[in-house]
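# What the coordinates show
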Amino acid sequence: MKRSIAFLALFFISSSAEAAECALGKIETALKAPLEGLRKLDRDASEAQSTEGGTWTIYREKDGRVNTIIRIDGGEGGRVDTRLSIVNRETYGIARMQTDYIRHVYGEGPFANIRQATDYYFFCGGKLYMADPQWSVVDPDAYPKAAAEARAIFLGSKDIAEFTKGLAR
């Protein structure tokens, strides 16, 4: 019994230490922070990932440091907003929000959003933070794949390469 309690205590301490090394709280705060007051630069995306094409919005601090980059891809049935928020070169997060519309954009009648779902990805030292699969609620195969796809939107784009070149990969 004492061994079980000691093992559990050690597990939670090591899990807490790993989470502390990856500043999850700072990343989450950055992903949800308002962007008012930051310098804003808009660009059209050269690579369309949807029928309506895409746009980039780069938000910078007064000193020129990149704070957040948002990629928006629109389509007839919805849109995807993918946000990269940077704590520092080693620590950043990505939030990917899928919005579905109640009807086709060009259809008749009222228009409204019917569903929004957001996935969050946390990166420390360029590596995706993953909780121990035994205690996690995410799919240990699908989540890293989706995170890699979301990160490739930013780190693989020539449109914004000058803003992401220093980020840990």
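Structure first, text after, so check above.
Residues numbered from 1 in each chain as written. Predicted model: local features only at pLDDT ≥ 70, side-chain atom pairs only at ≥ 80, totals over all residues. Heavy atoms only, no water.

When helices and strands are counted, the chain shows 4 helices and 7 strands. For the chain, the α and β elements follow one another from N to C terminus as α-α-β-β-β-β-β-β-β-α-α. Looking at the chain residue by residue over its 169 residues, the buried ones come to 36%. Looking at the chain alone, contacts between residues at least 24 apart form 46% of all its contacts between residues at least 6 apart. Accessible surface, the chain as shown: approximately 10,400 Å² in total, 55% of it carbon and sulfur. (Helix = DSSP H or I, 4+ residues; strand = E, 2+ residues; numbered from the N terminus. Buried < 20%, exposed > 50% of the residue type's maximum accessible area, 1.4 Å probe, protein only. Contact = heavy atoms within 4.5 Å. Areas by Shrake-Rupley, 256 points an atom, 1.4 Å probe, with all protein chains shown as cover.)

It is worth spelling out the state of the cysteines at this point. Joining two cysteines, a disulfide is a covalent bond between their sulfur atoms. One pass over the structure, following the stated rule, counts 1 disulfide. Residue pairing for cysteine 22: its cysteine sulfur links by disulfide to cysteine 124, the two sulfurs lying 1.9 Å apart. Handedness of the cysteine 22-cysteine 124 disulfide follows from its S-S torsion of about 75°: it is right-handed. Within this pair, whereas cysteine 22 is found in the loop between helix 1 (2-21) and helix 2 (24-32), its partner cysteine 124 is found in strand 6 (residues 113-124), the two being separated by 102 residues in sequence. Each member of the pair, cysteine 22 as well as cysteine 124, is classed as buried. (Disulfide = S-S within 2.5 Å.)

Two side chains that carry opposite charge are able to pair once their charged atoms sit near each other. Following the criterion strictly, the structure yields 6 salt bridges and no others. As a salt-bridge pair, aspartate 81 and arginine 79 come within 2.7 Å of each other at their nearest N and O atoms. Assessed through its relative accessible area of 15%, aspartate 81 is described here as buried. Arginine 115 serves as the salt-bridge partner of aspartate 100, at 3.8 Å between the closest nitrogen and oxygen. Of the two residues, aspartate 100 sits in strand 5 (residues 91-101) while arginine 115 sits in strand 6, which places them 15 residues apart along the sequence. (Salt bridge = Lys/Arg side-chain N within 4 Å of Asp/Glu carboxyl O.)

Right, let's get into helix 3 (residues 142-155). Helix length check: helix 3 (14 residues) gives 20 Å between terminal C-alpha atoms against 20 Å at 1.5 Å per residue, within 8%. The complete set of buried residues in helix 3 reads Tyr143, Ala147, Ala150, Arg151, Ile153, Phe154 and Leu155. (Expected span 1.5 Å × (residues − 1).)

Strand order in the open sheet formed by 7 strands is 1-2-3-4-5-6-7, with antiparallel pairing between adjacent strands. The open sheet terminates on both sides in strands that have one partner only, identified here as strand 1 (39-44) and strand 7 (127-128). Of the pairings in the sheet, the one linking strand 4 (residues 78-88) to strand 5 comprises 10 bridges and is antiparallel in character. If you follow leucine 84 over to strand 5, its bridge partner there is isoleucine 94. Running over the sheet, helix 2 touches strand 4, strand 5 and strand 6 and is turned about 130° from strand 4. Against the sheet, helix 3 contacts strand 2 (54-60), strand 3 (66-74), strand 4, strand 5, strand 6 and strand 7, and its axis sits at roughly 85° relative to strand 6. (Pairing = 2+ DSSP bridges. Axes fitted to C-alpha atoms, helices over the stretch in contact; angles between N-to-C directions.)

Considered for burial, the residues of helix 2 that qualify are Ile27, Ala30 and Leu31. One face of helix 2 carries all of its buried residues, which in axial projection span an arc of 100°. Opposite its buried face, helix 2 presents the exposed residues Lys26, Thr29 and Lys32, each directed more than 90 degrees away. (Arc of directions from axis to C-beta.)

With that settled, consider the side chain of arginine 151. Counting through the fold element by element, arginine 151 comes out in helix 3. Looking at arginine 151, its side chain comes within polar contact range of the side chain of tyrosine 92, at 3.2 Å. Sequence-distant contacts of arginine 151, defined by excluding residues within four places in its chain, comprise Tyr92, Ile94, Phe123, Gly126, Lys127, Gly156, Ala168 and Arg169. (Polar contact = N/O pair within 3.5 Å; in protein donor to acceptor, adjacent residues only side chain to side chain.)

As a further point, take the packing of aromatic side chains. Describing an aromatic ring pair means giving the distance of the ring centres and the angle of the ring planes. Across all of its chains, the model carries 3 aromatic pairs by this definition. Taken together, a centroid distance of 5.3 Å and an interplanar angle of 20° make the contact between tyrosine 92 and phenylalanine 123 stacked. Here tyrosine 92, found in strand 5, pairs with phenylalanine 123, found in strand 6; they are 31 residues apart in sequence, far enough to count as distant. Accessibility expressed as a relative area gives 0% for tyrosine 92, which makes it buried. Exposure remark for phenylalanine 123: the relative accessible area of 2% places this residue in the buried category. When the ring of tyrosine 121 is compared with that of tyrosine 143, the centres are 5.1 Å apart and the planes differ by 40°; the resulting orientation is tilted. On the criterion of sequence distance, the pair formed by tyrosine 121 in strand 6 and tyrosine 143 in helix 3 is long-range, its members being 22 residues apart. Exposure class is identical for tyrosine 121 and tyrosine 143. Each is buried. (Phe/Tyr/Trp six-rings, centres within 6.5 Å; stacked < 30°, edge-to-face > 60°.)

From the geometry alone we can't say anything about function, so treat these as descriptive.
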